[in-house]
Number of protein chains: 2
Amino acid sequence: MIKILAELNMNNYEKVTENIYRELISICGEKFVIYRDPEKLEPFSHDEVTDKSYHHMPEAVVRPAGAQEIAAIMKLANKYKIPVTPRGGGSGLSLGAVPVFGGIVIFLDRMNRILEIDSKNMVITVEPGVITNEINEAASGIGLFFAGYPMSLQSCFIGGNVAENAGGGKAVKYGVTGRYILGMEFVTPEGEITCLGGKIVKNVTGYDLINLMTGSEGTLGIITKIYTKLMPKPTEITDLLVLFKNAEDAINMVPLIITESKIIPAAIEFIDRLSAHTSCRYLNEDIPYEKAGAMLLIEVDGTDKQKLEDDYEKIGSLCMKNGAIEVYVADNFTTQERIWNVRRNIAEAFMVISPEQSLEDITVPVAEIPKIIPELERLSAKYNIQIPCYGHAGDGNLHVTPVKNPAQTHEEWKNILPSVLEELYIETGKLGGVISGEHGIGYKRKKYLKYSLDDTAIDLMKRIKKSFDPNNILNPGKIFDL
Amino acid sequence: MIKILAELNMNNYEKVTENIYRELISICGEKFVIYRDPEKLEPFSHDEVTDKSYHHMPEAVVRPAGAQEIAAIMKLANKYKIPVTPRGGGSGLSLGAVPVFGGIVIFLDRMNRILEIDSKNMVITVEPGVITNEINEAASGIGLFFAGYPMSLQSCFIGGNVAENAGGGKAVKYGVTGRYILGMEFVTPEGEITCLGGKIVKNVTGYDLINLMTGSEGTLGIITKIYTKLMPKPTEITDLLVLFKNAEDAINMVPLIITESKIIPAAIEFIDRLSAHTSCRYLNEDIPYEKAGAMLLIEVDGTDKQKLEDDYEKIGSLCMKNGAIEVYVADNFTTQERIWNVRRNIAEAFMVISPEQSLEDITVPVAEIPKIIPELERLSAKYNIQIPCYGHAGDGNLHVTPVKNPAQTHEEWKNILPSVLEELYIETGKLGGVISGEHGIGYKRKKYLKYSLDDTAIDLMKRIKKSFDPNNILNPGKIFDL
């Protein structure tokens, strides 16, 4: 009877009392504090991880209007030793925004202003609660775009993207969120407000706290303002859908694309047979998926139509020379959306088969990807489950997703999943990879961190956490235990 | 009589005794320890900062063969409380490698092996003592290059580049060193060895210690192995030398290039009249500098000849439309070298006028660069000194260089320089800039850090330092005082 319990309160946190509730009201206003209302608190008990055993209710939710209010909340929380969990759009996949010790959730939805679009410096300054896609909509008007956006851009908050250092579909060429964060204001765990960087692209004044905060999963501070670099928006985009006989052929192609063609595509996505079939059936989509044992979705972009044509022809020929069955070119928005829709809906499609699944995001060196496929087949056979594999192959970042076999009981699944993940993570480590490329460790992967980091590295991270947050009240229980 | 003294020994460091010398020999071998030999120790008392009042002799220099030896040295140094200063190529410009408290210098010249060139993953693995240019020579053979290299690549060590997060000439398009560092092994101040990342391009397992180490100026650990991402080497390069009537016209052009043309050049360098004339005369170079009040050196690169021609014609026309006097195209290696030679020799040329100068590297938002020029003119007039200005304008990173007036005495110069720098840094801060974009804080700019960082940020950095290095023995006295 393995069962995941709510985190034990080893830190002797205090509860949010009626008195503290009144203090929260005096900081944020009555309208913006939720307390003793299970129905209103419930949405803050989980993120996109479906496993209910991970859910945990907060005692209070506050919706501050700005950094000053957050600073006051953190000072209050330190005084009474109440755990505080910051929350963005709630689209996380590692339980980073789930209050595993209860306490206060700081929901950043009201801090949703675009503060400035500076076209001369190509920088947009935003509050953390801005939905990421709104940045691209705002930038698009002046021919620019935020190149670091993740796949969930319609619902995620930019603050969460920064806190998780979110990846995304165009990371092959453009890198991930962190590359575009030039500055930020944040509130420290002890309630001080500080501001780093700004509209500058080079900065070596002291330690790189901006990159340290980026990806620290809300454990080192609450980000209240973000300076994001924008890039010239590509005017030409073409997608190639390349069909292969099997996963090995497709995956073997990935490292070749860049090293042989010397072209860096915006995206190289891998979709295995199982993922393609499941998503196409879910969408009633008739792209020629039946013919393919696996496919690559390759996006090239640029500002010159002719150059782009040359690029995709070069890549297409290279694929044909290396075992591709067929190369389809999607050079208009409608066809491109059809193809990307298949890719974007894979996770959703598998939810129909079983919501009991574990969406992973292991990362290995690109050239090692071919070695992971037989291992997935072995695990799939050993545990009698489906393990679709798709994702950002161009970065070596794969969404390996163990899905419960409908024939298995819930208990059986809960028994085997830790073993499946452990074997997967160990194999990933052997290939020089890590357990998370973009979703983060959070609460979900905490006990597996040792497969990616040695004791000394984990110890150094704990030292940083303790030095920033001596009372361990900001998002405790995430990444590691202190 | 302002005089800079050697750092006071507030930390009660111990001296390197005969006993400790023998212990160092037992770790590294007698051949690789220098002790009580002023002539051999002297080269380790300074970097490229010419001001002799900053120089400080080490008590011992050791040249370890690997991480294990460095770990043993750090354990020894902790036991006896001896300060340790790591040193790469010695080309630093902020005194980062200067042992301001004496003690032991760890010189990394023997750790100079290229460990692996992995063409499939496009990653080169090197020891810290590899001269940066050797990386490019090795990568060139397989059509790749290290895009983050700095201007001093012929002499600097890659370990120093990482420790300083060095910038460089191609940062506009390719970013600085840090973007290419995928993993590293390092020895902690307490003598533990840890390894982070590797050949993976996405990684969110725990805090981003790789970026924290990068640019930490050798104060948080000694880097012993580096995984560096390589990029496809551009096959086509063209440089434009664009002459303008005055600095304002040239500088006003900088933000326009990217925002109007939507092309991101590899480099946009600014050279003011004074710098151009001084360097051309020094080199006996007859490029048409006499006609120009200021010039931009714009490099575009790519893989397609036709596309590149279109790009530079677009940029050239844009410049002509915006006040350029003339645009010269350098599309072959010889001419390109001639032009870049002028840029690269500016610092050297001013050394002939006076070695008493202060090479700065302030960074401001690109669109704010025009506002810095009148301020330099004001300072130049107020203090009766020359202040040439040149550098990486495309990044907002300018080598403003106050040079002693030959008519001034040494004492006069030492009296006015702190005021010049203070006024420069305050103005930089007002424009949203920082005091260092690529050279680092080190010992030289420590007292000015407050002009770029608030108290809370500096306090957080100190907390990190203390938590990594409780005895404050690794490169003490740099960036800030504890």
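All values reported here derive from a predicted model rather than from experimental measurement. (Residues numbered from 1 in each chain as written. Chains lettered and ligands numbered in written order. Predicted model: local features only at pLDDT ≥ 70, side-chain atom pairs only at ≥ 80, totals over all residues. Heavy atoms only, no water.)

Peer 1: In this structure, what is going on with the overall build of chain A? I would like to understand it.
Peer 2: If you tally the helices and strands in chain A, you get 15 helices and 18 strands. Here the C-alpha atoms of chain A give a radius of gyration of 23 Å, agreeing with the 23 Å that 2.2 N^0.38 yields for 482 residues. The principal-axis extent of the C-alpha atoms belonging to chain A is close to 70 × 60 × 45 Å. Taking all contacts inside chain A whose residues are at least 6 apart in sequence as the whole, residues at least 24 apart take part in 74%. Accessible surface for chain A amounts to roughly 17400 Å². Of this, 50% is attributable to carbon and sulfur atoms. Side chains of chain A give 51 positive and 64 negative charges; the mean places of these two sets differ by 3 Å. (Helix = DSSP H or I, 4+ residues; strand = E, 2+ residues; numbered from the N terminus. Rg over C-alpha atoms; globule rule 2.2 N^0.38 Å. Contact = heavy atoms within 4.5 Å. Areas by Shrake-Rupley, 256 points an atom, 1.4 Å probe, with all protein chains shown as cover. Lys, Arg positive; Asp, Glu negative; His and termini not counted. Charge placed at Lys NZ, Arg CZ, Asp CG, Glu CD.)

Peer 1: Which parts of the structure should I look at to understand the pairing of strand β12 (residues 236–244) of chain B?
Peer 2: In summary, the side chains of a regular strand alternate between the two faces of the sheet. Residues and elements named next belong to chain B. With respect to burial, β12 is a largely interior element, seven of its nine residues being buried. By the bridge criterion, nine bridges tie β12 to strand β14 (residues 294–302) in an arrangement that is antiparallel. Looking at the pairing, I237 lines up with D301 of β14. Here six bridges tie β12 to strand β15 (residues 324–330), and the two strands are oriented antiparallel to one another. Note on β15: the bridge partner recorded for L243 is E326. (Buried < 20%, exposed > 50% of the residue type's maximum accessible area, 1.4 Å probe, protein only. Pairing = 2+ DSSP bridges.)

Peer 1: I keep staring at the domain arrangement of chain A and nothing clicks. Help me out?
Peer 2: One widely used convention gives an interface's size as the accessible area the parts lose upon coming together. All names here are of chain A. Once the domains are mapped, chain A shows domain 1 (2–109), domain 2 (114–232), domain 3 (236–347) and domain 4 (354–441). Just the C-alpha atoms count here: the centres of domain 2 and domain 3 sit 29 Å apart. Tallying the contact residues gives seven residues for domain 2 and 13 residues for domain 3. With both chains or domains summed, domain 2 and domain 3 bury close to 740 Å², and 57% of this area falls on carbon and sulfur atoms. With a shortest N-O distance of 3.1 Å, E299 and K170 are connected by a salt bridge. Counting the contacts that link domain 2 with domain 3 gives three residue pairs in polar contact (both at pLDDT 80 or more). Here the residues of the side of domain 2 that touches domain 3 are counted per class, giving four nonpolar, one polar and two charged. (Domains from an automatic or database assignment. Buried area = accessible area lost by both parts, 1.4 Å probe. Salt bridge = Lys/Arg side-chain N within 4 Å of Asp/Glu carboxyl O. Polar contact = N/O pair within 3.5 Å; in protein donor to acceptor, adjacent residues only side chain to side chain. Nonpolar A, V, L, I, M, F, W, Y, C, P; charged D, E, K, R; others polar.)

Peer 1: How should the sheet that holds strand β1 (residues 33–35) of chain A be read in this particular structure?
Peer 2: Hydrogen bonding along the main chain pairs the strands of a sheet, whether they run parallel or antiparallel. Residue and element names in this part refer to chain A. If you walk across this open sheet you meet the four strands as β1-β2-β4-β3, and the pairing is mixed. With partners counted over all chains shown, the strands left at the sheet margins are β1 and β3 (84–87), one partner each. Taking each pair of neighbouring strands and ignoring which way they run, the sheet shows an average axis angle of 20 degrees. Summarising the sheet, β3 and strand β4 (residues 104–107) pair through four bridges and their orientation is parallel. Residue pairing in the sheet places P86 in a bridge with I106 of β4. Of the strands in this sheet, β1, β2 (60–62) and β4 are in contact with helix α1 (residues 18–28), which crosses β1 at around 165 degrees. (Axes fitted to C-alpha atoms, helices over the stretch in contact; angles between N-to-C directions.)

Peer 1: Help me out: how do you make sense of the nonpolar core in this one?
Peer 2: By size, the foremost hydrophobic cluster in this structure holds 182 residues, and its most contacted members are F270 and L296 of chain A together with F270 and L296 of chain B. Excluding residues within four positions of it along the chain, F270 of chain A makes contact with A247, A250, I251, A294, M295, L296, I373, C389, Y390, G391, A393 and L398 of chain A. Within the second largest apolar cluster, 37 residues are counted, among which are I70, V100, L108 and L474 of chain A. (Core = buried A, V, L, I, M, F, W, Y, C linked by side-chain atoms within 4.5 Å.)

Peer 1: Would you take a moment to explain the pattern of salt bridges for this structure?
Peer 2: A side chain of one charge can pair with a side chain of the opposite charge when the charged atoms of the two come close. Counted by the stated rule, this structure contains 60 salt bridges over all chains. Here K199 of chain B and E116 of chain B are joined by a salt bridge, their closest N and O atoms 2.7 Å apart. Linking K199 of chain B in the loop between β9 (193–197) and α7 (209–213) with E116 of chain B in strand β5 (residues 114–118), this pair joins segments that are 83 residues apart in sequence. Here E116 of chain B falls in the partly exposed class, since its relative accessible area comes to 34%. Here the salt bridges do not stand alone but share partners, grouping E360, D361, K444 and R445 of chain A into one network.

Peer 1: Explanation requested: the interface of chain B and chain A in the structure shown.
Peer 2: At the interface, 86 residues of chain B touch 86 residues of chain A. When chain B packs against chain A, the two sides together hide about 6300 Å² of surface, and 65% of this comes from carbon and sulfur. Taken as a group, K202, V204 and Y207 of chain B account for 16% of the area that chain B buries against chain A, more than any other trio of residues on that side. Inspection of the chain B/chain A interface yields six salt bridges. For E438 of chain B, the salt bridge goes to K202 of chain A, with nearest N and O atoms at 2.9 Å.

Peer 1: What is the right way to look at helix α8 (residues 247–261) of chain B in this model?
Peer 2: An α-helical turn contains 3.6 residues, so a residue and the one three or four places further along point in the same direction. Residues and elements named next belong to chain B. Between its terminal C-alpha atoms α8 stretches 21 Å, which fits the 21 Å expected from 15 residues at 1.5 Å a residue. Within α8, the axis deviates most sharply at P255, by approximately 35 degrees. Within α8 the residues assigned to the buried category are A247, A250, I251, M253, V254, P255, I257, I258, T259 and S261. For α8, the side-chain oxygen to backbone nitrogen distance between the N-cap and E248 is 3.2 Å, and the N-cap itself is N246. Just beyond α8, the residue with positive phi is K262, at close to 60 degrees. (Expected span 1.5 Å × (residues − 1). Bend = angle between axes of the 7 residues up to and from the residue.)

Peer 1: I would appreciate a short explanation of the sheet that holds strand β8 (residues 181–187) of chain B in the present structure.
Peer 2: All names here are of chain B. Across the sheet, which stays open at both edges, the five strands sit in the order β5-β6-β10-β8-β9 with antiparallel pairing between neighbours. In this open sheet, the two strands that pair with only one neighbour each are β5 and β9. Averaged over all adjacent pairs, the angle separating strand axes in this sheet is 10 degrees, with direction ignored. Alignment of strand β6 (residues 123–126) against strand β10 (residues 222–229), held across four bridges, turns out to be antiparallel. Residue pairing across strands places V126 opposite I226, the latter belonging to β10. Packing of helix α3 (residues 67–80) onto the sheet brings it into contact with β8, β9 and β10, and relative to β8 it is tilted by some 50 degrees.

Peer 1: What is the right way to read the relation of the copies chain B and chain A from this model?
Peer 2: Taken as rigid bodies, chain B and chain A are interconverted by a rotation of 180 degrees and an axial shift of 0.0 Å, the fit giving an RMSD of 0.0 Å. Overall, the copies show the geometry of a two-fold rotation axis. A share of 100% of interface residues in chain B that are also interface residues in chain A marks the association as one of identical surfaces. (Least-squares fit on C-alpha atoms with pLDDT ≥ 70 in both.)

Peer 1: Looking at this model, I keep getting lost on the environment of G323 of chain A. Mind explaining?
Peer 2: Residue and element names in this part refer to chain A. Within the secondary structure, G323 sits in the loop between α10 (305–321) and β15 (324–330). Counting along the chain gives 80 residues from G323 to L243, while the straight-line C-alpha distance between them is 9.2 Å. Setting aside residues no more than four positions away along its own chain, G323 makes contact with F244 and D249.

Peer 1: For this particular structure, what's the right way to read helix α3 (residues 67–80) of chain A?
Peer 2: End to end, α3 of chain A covers 20 Å across 14 residues, agreeing with the expected 20 Å (1.5 Å per residue, within 8%). Regarding α3 of chain A, the residues found buried are A67, E69, I70, A71, I73, M74, L76, A77 and N78 of chain A.

Peer 1: How should the environment of A367 of chain B be read in this particular structure?
Peer 2: Within the element layout of this structure, A367 of chain B appears in the loop between β16 (362–363) and α13 (369–383). A sequence separation of 28 residues divides A367 of chain B from D395 of chain B, and the C-alpha atoms of the two residues are 10.0 Å apart. Residues within four places of A367 of chain B in sequence aside, it is in contact with K120 and N121 of chain A together with P255 of chain B.

Peer 1: Looking at this structure, I do not really get a nonpolar patch on the surface. What am I missing?
Peer 2: All names here are of chain A. A contiguous nonpolar surface patch, about 200 Å² in accessible area, is contributed by I114, I117 and I142. Along the chain, the position of I142 falls in the loop between α4 (132–140) and β7 (144–145). What makes I142 partly exposed here is its relative accessible area of 34%. (Patch = residues over 30% accessible without salt bridge, like charges linked within 9 Å, V, L, I, M, F, W, Y side chains within 5 Å.)

Peer 1: Even after reading the chapter, I still don't get the confidence of the model for chain A, so can you show me in this structure?
Peer 2: Parts of the prediction with low pLDDT should not have their coordinates interpreted in detail. Confidence in the prediction of chain A, expressed as mean pLDDT, is 94, and 98% of residues score 70 or more. Prediction confidence for the complex, expressed as pTM and ipTM, is 0.96 and 0.96 respectively. (pLDDT = per-residue confidence, 0-100.)

Peer 1: Just checking my understanding: could you explain the side chain of K465 of chain A for this structure?
Peer 2: Positionally, K465 of chain A belongs in helix α15 (residues 455–468). Taking relative accessible area as the criterion, K465 of chain A reaches 3% and is therefore assigned buried. Of note is the side chain of K465 of chain A, whose polar atom sits 2.8 Å from the side chain of D469 of chain A. Apart from residues no more than four positions distant in its own chain, K465 of chain A is found in contact with T219, L220, N472, L474, F480 and L482 of chain A together with Y207 of chain B.

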